[in-house]
Amino acid sequence: QLFDDGTMVELLANGTLKYSLAPFRHGEVVVRVVLSDGCKYYAANFTLHVLPVDSAPSFSLSQTAIVVSEDLNAEGGLYLPITSLATAIHPGGWNEDTQQMRFSIGGSLSP
């Protein structure tokens, strides 16, 4: 569904095109425009192309501060997993499920 609420395109009496796209949707639709005087009419078609835009992925952190003892890792480099730190991982907009995502760590890693 390309448009919000299943509505189509509207052409106002002054010739202004009015439409509302559904969020994160892209594609094309052929729109038929009819002008009538009540007795006769004239019709023409146009194609509305909505180009895709790569939307940013998103996620939430279950914790924003992690506190551990400095001696906890002294026993030979013990790996300390924190499960589900990143949650609600979403690849971006509509039809972006096939994109490959990866996390990276940035910022200051030392005191």
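Residues numbered from 1 in each chain as written. Predicted model: local features only at pLDDT ≥ 70, side-chain atom pairs only at ≥ 80, totals over all residues. Heavy atoms only, no water.

(A) Geometry of the pairing of strand 3 (residues 27-36). Here strand 3 pairs with strand 4 (residues 41-50) via 10 bridges, running antiparallel. Each bridged residue has a counterpart across the sheet, and for L35 the counterpart in strand 4 is Y42. What sits between the antiparallel neighbours strand 3 and strand 4 is a turn of four residues, in which G38 has the positive phi angle 100°. (Pairing = 2+ DSSP bridges. Helix = DSSP H or I, 4+ residues; strand = E, 2+ residues; numbered from the N terminus.)

(B) Quick look at the nonpolar core. By size, the foremost hydrophobic cluster in this structure holds seven residues: L2, F3, V9, V29, V31, L48 and V50. What V9 contacts, discounting residues up to four positions off in sequence, is F3, L17, K18, Y19, V31, F46 and L48. (Core = buried A, V, L, I, M, F, W, Y, C linked by side-chain atoms within 4.5 Å. Buried < 20%, exposed > 50% of the residue type's maximum accessible area, 1.4 Å probe, protein only. Contact = heavy atoms within 4.5 Å.)

(C) Fine view of the environment of H26. Among the structural elements, H26 can be located in the loop between strand 2 (17-18) and strand 3. Setting aside residues no more than four positions away along its own chain, H26 makes contact with L2, V50, L51, P52, W94 and N95.

(D) Examining the packing of aromatic side chains more closely. Enumeration according to the criterion identifies one aromatic pair in this entry. An angle of 85° between the planes, with centres 5.1 Å apart, marks the rings of F59 and F103 as edge-to-face. Here F59, found in strand 5 (residues 58-61), pairs with F103, found in the segment after strand 6 (86-90); they are 44 residues apart in sequence, far enough to count as distant. Take F59: its relative accessible area is 43%, and that puts it in the partly exposed class. (Phe/Tyr/Trp six-rings, centres within 6.5 Å; stacked < 30°, edge-to-face > 60°.)

(E) Structural detail: a nonpolar patch on the surface. The grouping of F59, L61, I89, M101 and F103 at the surface amounts to a nonpolar patch, some 500 Å² of accessible area in total. Mapped onto the elements of the fold, L61 is located in strand 5. According to the relative accessible area criterion, L61 is partly exposed, its value standing at 45%. (Patch = residues over 30% accessible without salt bridge, like charges linked within 9 Å, V, L, I, M, F, W, Y side chains within 5 Å. Areas by Shrake-Rupley, 256 points an atom, 1.4 Å probe, with all protein chains shown as cover. Salt bridge = Lys/Arg side-chain N within 4 Å of Asp/Glu carboxyl O.)

(F) Highlighting the environment of V31. If you trace the backbone, V31 turns up in strand 3. Along the backbone, V31 and F46 are 15 residues apart, and their C-alpha atoms lie at a distance of 5.4 Å. With sequence-adjacent residues up to four places away left out, V31 is seen in contact with V9, A44, N45 and F46.

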